[in-house]
Amino acid sequence: KRKSVRAYEPRPVPPEVKEQILNAAMRAPTAGNMMLYSILEVEDQAKKERLVETCDNQPFIAQAPLVLIFLADYQRWFDYCKYAGVERHAVKPGEAIVRPQEGDLLLACCDALIAAQTAALAAESLGLGSCYIGDILENYEIHREMFDLPPYALPVAMLCLGYPTNEQRQRTQTSRFEPEFVVFQNRYHRLSPEDFERMFNPARGGESAGVRMYRRKFSAGFSLEMRRSVRAMFDMLRDPGLQ
């Protein structure tokens, strides 16, 4: 029954409820029980206001009682491995220590997003609403400075949470694609023009949904910034001078 909630009642999330949400997130499935994520709770109102600006000018971020940023985090394990002495005991003479790379980042992203979705479902079960902010992928350099992020801890998802207003509770859920266009057996099914005709309503003289979505998402300014920002994250991983 979940839907994205962008307007909240002006009341805080009680500490015991927040604790339940975070405990649920930390019991989420995780690769090798490594917990390749960290969770930043943004309490500082000035930082919330700044996130409004850096995340595509969405004012409701500053009004959310609980804001959580989920980081894909290999820094904790990398630091611990160095502390544990892998350079002396596990690295062959003449070889460099193995550093996190693109594949490690994607695996950590999976961990972070599974934890985030578990938090969202836990919040829903406790009467809260939530909204994902994908724009946290933008402006990497600003967010890195704002939150003092080390090289191998990268922001991949943000959740705004709070008690939904009555209007939000009554609002109809958005529609989804029919399963036949999403769920396939044994092999990928690339959709045909006929599939698209059934999947979307015809344009009827106006722009098609594809043209509207391309203009709204694919070629929009925030999408261009997101791609630049994520490239900067990957460039950070490739930097041979990282310590």
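Our subject is the structure listed above.
Criteria and thresholds
Residues numbered from 1 in each chain as written. Predicted model: local features only at pLDDT ≥ 70, side-chain atom pairs only at ≥ 80, totals over all residues. Heavy atoms only, no water. Phe/Tyr/Trp six-rings, centres within 6.5 Å; stacked < 30°, edge-to-face > 60°. Helix = DSSP H or I, 4+ residues; strand = E, 2+ residues; numbered from the N terminus. Buried < 20%, exposed > 50% of the residue type's maximum accessible area, 1.4 Å probe, protein only. Core = buried A, V, L, I, M, F, W, Y, C linked by side-chain atoms within 4.5 Å. Contact = heavy atoms within 4.5 Å. Pairing = 2+ DSSP bridges. Axes fitted to C-alpha atoms, helices over the stretch in contact; angles between N-to-C directions. Expected span 1.5 Å × (residues − 1). Arc of directions from axis to C-beta. 1 Å grid on protein atoms, 1.4 Å probe; cavity = no way out; pocket = protein on both sides within 12 Å on 5 of 7 lines; lining within 4 Å. Points joined across faces, edges and corners; volume = space filled by probe spheres on them. Nonpolar A, V, L, I, M, F, W, Y, C, P; charged D, E, K, R; others polar.

Details of the packing of aromatic side chains
One pass over the full model with this rule turns up six aromatic pairs. With centroids separated by 6.1 Å and ring planes inclined at 75 degrees, the aromatic side chains of tryptophan 77 and tyrosine 80 adopt a geometry described as edge-to-face. Highlighted residues: tryptophan 77 and tyrosine 80, both in helix H4 (residues 75–83), separated by three residues, approximately one helical turn. For tryptophan 77, a relative accessible area of 32% puts it in the partly exposed group. Ring centres of tyrosine 80 and tyrosine 83 lie 6.3 Å apart, and the angle between their planes is 35 degrees; on these two criteria the pair is classed as tilted. Of this pair, tyrosine 80 and tyrosine 83 both sit in helix H4, three residues apart, which is roughly one turn of that helix. We classify tyrosine 80 as partly exposed; its relative accessible area is 46%. Of the aromatic side chains, those joined through ring pairs into one cluster are Trp77, Tyr80 and Tyr83.

Describing the nonpolar core
Core analysis: the largest hydrophobic core is formed by 39 residues, its most contacted members being Phe70, Leu105, Leu128 and Leu161. Residue contributions to this core peak at nine residues, all from helix H6 (residues 102–125). If sequence neighbours within four positions are ignored, leucine 161 has contacts with Tyr8, Ala64, Pro65, Leu66, Leu68, Ala123, Leu128, Gly129 and Ser130. Core analysis: the next-biggest nonpolar cluster, separate from the first, contains 22 residues, Tyr8, Leu51, Met146 and Cys160 among them.

Digging into the sheet that holds strand E4 (residues 153–162)
The four strands are arranged E1-E2-E4-E3 in an open sheet whose pairing can be described as antiparallel. Only two strands of the sheet have a single neighbouring strand rather than two, namely strand E1 (37–41) and strand E3 (129–132). Neighbour to neighbour, the strand axes of the sheet diverge by 25 degrees on average, direction disregarded. With eight bridges joining them, strand E2 (residues 66–73) and E4 adopt antiparallel strand pairing. Within E4, the residue paired with leucine 71 across the bridge is proline 155. The strands that helix H1 (residues 15–26) touches are E1 and E2; relative to E1, the one it contacts most, it runs at about 165 degrees. Along the sheet face, H6 touches E1, E2, E3 and E4 and points at about 155 degrees away from the line of E2.

Describing H1
Between its first and last C-alpha, H1 extends 16 Å over 12 residues, near the 16 Å set by a 1.5 Å rise per residue. For H1, every residue scored as buried is listed here: Val17, Lys18, Ile21 and Ala25. The buried side chains of H1 occupy one side of the element, clustering within an arc of 100 degrees when seen end-on. The elements touched by buried residues of H1 are E1, E2 and H6.

Considering empty space enclosed by the protein
Considering all chains together, one arrives at one cavity of 30 Å³ or more under this definition. Estimates place the volume of the largest cavity at around 50 Å³. Secondary-structure elements contributing two or more residues to the lining of the largest cavity are E2 and H6. For the lining of the largest cavity, the leading source of residues is H6, giving three residues. Split into classes, the residues belonging to the lining of the largest cavity amount to eight nonpolar, one polar and two charged.

Considering the layout of surface pockets
Here the largest pocket is characterised by a volume of approximately 630 Å³. Taken together, 17 residues form the lining of the largest pocket, with Ser4, Arg6, Tyr132, Arg176 and Lys217 sitting closest to its centre. Of all the secondary-structure elements, those providing two or more residues to the lining of the largest pocket are E3 and helix H10 (209–218). Here the residues of the lining of the largest pocket sort into five nonpolar, three polar and nine charged. Volume-wise, the second largest pocket comes out at about 230 Å³. In this structure, the second largest pocket is lined by 15 residues; those nearest its centre are Phe78, Cys81, Ile97, Val98 and Arg99. When residues of the lining of the second largest pocket are assigned to their parent elements, the largest contribution, three residues, is made by H4. Split by residue class, the lining of the second largest pocket holds 12 nonpolar, no polar and three charged.

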